[in-house]
Amino acid sequence: MEPDLADFLIPASGFSGPLFTILVLALVLDAIFGDFPWLFSRISHPVVWIGNLISWFEKRLNRKGLGNADLILRGVVTSLAVIFVAGMAGGVIQILSDFGGVFWLFEIFLVAVLVAQKGLYQHVKAVSTALKTDGLAGGRKAVSMIVGRDPDKLDEAGVSRAAIESCAENFSDGVVAPLFWYAVAGPVGICAYKAINTLDSMIGHRNERYLYFGRFAARLDDVANFVPARIAGGVICLAAVLGAKTSGKAAWQTLWRDARKHKSPNAGWQEAAFAGALDLALAGPRQYGDEIVDDPYIGSGRRDAGAADIDRALSLYIGACLINAAWPVLIKALWIGL
């Protein structure tokens, strides 16, 4: 008997319940509403709740004068407590969703809120638009919303490369990894991942305040993103093959040659794929406040990027998002065929 449309919309036993249906509807919801500004301008976003919980622990446990081992232990306690609370919240959503029918809406909304496809596009597009309409000053202001480096030290090429690098790195952190951990462990998985990612962004810094307290959080984030980052790199290469103004061959070659040049064990995979696909040189020396990070360039292309290159990067990003969203369809089709 040939499968029909109902086979794809009605969960088959053994395929993690309604995972396919929920994923598709959540991604459509995110594509339409993005960050739900009309809602989260009135109530706090779940990531803000996680951030507030991290701050509560950090203010009480991260104290000056403590030994390094003590700070590491306190950081472990903070991380595990925050992840546990986030996972429990995901568990509540899972219990509600298990009732089926209309209760799936809770899980659909959760996934849509914790995946940042449209939000990332809008933030990066804002940099391109600002460069075109308001010049370098506008571009610096827009890029300061998505990167931590000093925008006043950036020329137009630096602003453009920073926006593209943010697009590349956050494609994994904000799109691929949440869906990966949702597929692995449902609402608990995606909530726990967002907790880990937020912990790293808040306390996983190599400075005097967080070097020891945030060490566990930083290492845990590296582990959680290890597989998604490599999936993201491959997806970007495939999107570059299908793109009109990108090179899949160069993306693949640059990924294998330069990904390990990045100081992060994960971010280099996406940045190298973007650099090769767009014939650009990304990363390189950068300034964060008073600190200058003398990193090597990733990619052997141009350094003089501009607003048009940001637009090309966004076209590549859209293609990568579509490919990343297609894997549940493929898995479902394979499952039905078994």
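Source: prediction; values computed, not measured.

Trainee: Tell me about the nonpolar core, and name the residues and values.
Mentor: The tendency in soluble globular proteins is for nonpolar side chains to be buried side by side. In this structure, F171 and F274 are the most contacted members of the largest nonpolar core, which totals 47 residues. Looking at which element gives the most residues to this core, the answer is helix α8 (residues 156-203), with nine residues. When neighbours within four sequence positions are excluded, F171 is seen to be in contact with L120, V176, A232, V235, I236, Y317, A320, C321 and N324.

Trainee: Outline the UniProt feature "transmembrane region" (unreviewed entry) in the protein, supporting the account with residue identities and numerical values.
Mentor: In the numbering used here, UniProt assigns the feature "transmembrane region" (unreviewed entry) to residues 20-40, 71-93, 99-116 and 313-336. With 86% helix and 0% strand, residues 20-40 has its two end C-alpha atoms placed 27 Å apart. Along residues 99-116 the backbone is 61% helical and 0% strand, and the end-to-end C-alpha distance reaches 27 Å.

Trainee: Tell me about the layout of surface pockets, and name the residues and values.
Mentor: Considering only enclosed or pocket space, the second largest pocket measures out at about 400 Å³ in volume. Lining the second largest pocket are 20 residues, with P46, W49, A89, L110 and C191 sitting closest to its centre. Elements with a contribution of two residues or more to the lining of the second largest pocket: α3 (37-40), α4 (46-61), α5 (68-97) and α6 (104-114). The element best represented in the lining of the second largest pocket is α5, accounting for six residues. When the residues that make up the lining of the second largest pocket are grouped by side-chain class, the tally is 18 nonpolar, two polar and no charged.

Trainee: An account of the packing of α8 against helix α9 (residues 215-242) is needed here, citing residue identities and associated values.
Mentor: One way to put it is that α8 packs onto α9 with a least axis distance of 9 Å and a crossing angle of 120°. What the angle tells us is that α8 and α9 run oblique. Seen along the crossing, α8 lies across α9 with a hand that is left-handed. The residue makeup of the contact of α8 with α9, split by class, is 20 nonpolar, three polar and three charged.

Trainee: Hey, could you go over unusual backbone geometry for me, with residue numbers and the actual values?
Mentor: The residue F36 is not glycine, and still its phi comes out positive at about 50°. Of note, F36 is situated in the loop between α2 (19-33) and α3. By relative accessible area, F36 is classed as buried at 3%. A positive phi angle is found at A283, which is not glycine, with a value near 65°. The residue A283 is located in strand β1 (residues 282-283) in this model. Given a relative accessible area of 6%, A283 falls into the buried group.

Trainee: How would you sum up the packing of aromatic side chains? Please name residues and give values.
Mentor: The tally for this structure, following the rule as stated, stands at twelve aromatic pairs. Arranged with centres 6.5 Å apart and planes meeting at 20°, the rings of F103 and F106 form a pair that is stacked. Looking at F103, the relative accessible area reads 33%, which means it is partly exposed. Residue classification places F106 among the partly exposed residues on the basis of a relative accessible area of 41%. Measuring from ring centre to ring centre gives 5.6 Å for W256 and W269, while their planes differ by 85°; the resulting arrangement is edge-to-face. You can see W256 sitting in helix α10 (residues 248-258) and its partner W269 sitting in helix α11 (residues 267-278), a full 13 residues away along the chain.

Trainee: Provide a residue-level description of the packing of α4 against α5, including the pertinent values.
Mentor: Put simply, α4 and α5 touch, their axes get as near as 10 Å, and they point 155° apart. Looking at the two axes, α4 sits roughly antiparallel to α5. Here the hand of the crossing between α4 and α5 comes out right-handed. Along the contact surface, α4 presents I50, L53, I54, F57, R60 and L61, while α5 presents R74, V77, T78, A81, V82 and V85. A per-class count over the contact of α4 with α5 returns nine nonpolar, one polar and two charged.

Trainee: An account of a nonpolar patch on the surface is needed here, citing residue identities and associated values.
Mentor: The grouping of I95, F99, V102, F103, L105 and F106 at the surface amounts to a nonpolar patch, some 630 Å² of accessible area in total. Here F103 is to be found in the loop between α5 and α6.

Criteria and cut-off values
- Residues numbered from 1 in each chain as written.
- Predicted model: local features only at pLDDT ≥ 70, side-chain atom pairs only at ≥ 80, totals over all residues.
- Heavy atoms only, no water.
- Core = buried A, V, L, I, M, F, W, Y, C linked by side-chain atoms within 4.5 Å.
- Buried < 20%, exposed > 50% of the residue type's maximum accessible area, 1.4 Å probe, protein only.
- Helix = DSSP H or I, 4+ residues; strand = E, 2+ residues; numbered from the N terminus.
- Contact = heavy atoms within 4.5 Å.
- UniProt positions renumbered as here; feature names shortened; annotations may be inferred.
- 1 Å grid on protein atoms, 1.4 Å probe; cavity = no way out; pocket = protein on both sides within 12 Å on 5 of 7 lines; lining within 4 Å.
- Points joined across faces, edges and corners; volume = space filled by probe spheres on them.
- Nonpolar A, V, L, I, M, F, W, Y, C, P; charged D, E, K, R; others polar.
- Axes fitted to C-alpha atoms, helices over the stretch in contact; angles between N-to-C directions.
- Parallel < 35°, antiparallel > 145°, perpendicular 65-115°, else oblique.
- Left-handed = near helix turned anticlockwise from the far one by under 90°.
- Phe/Tyr/Trp six-rings, centres within 6.5 Å; stacked < 30°, edge-to-face > 60°.
- Patch = residues over 30% accessible without salt bridge, like charges linked within 9 Å, V, L, I, M, F, W, Y side chains within 5 Å.
- Areas by Shrake-Rupley, 256 points an atom, 1.4 Å probe, with all protein chains shown as cover.
- Salt bridge = Lys/Arg side-chain N within 4 Å of Asp/Glu carboxyl O.

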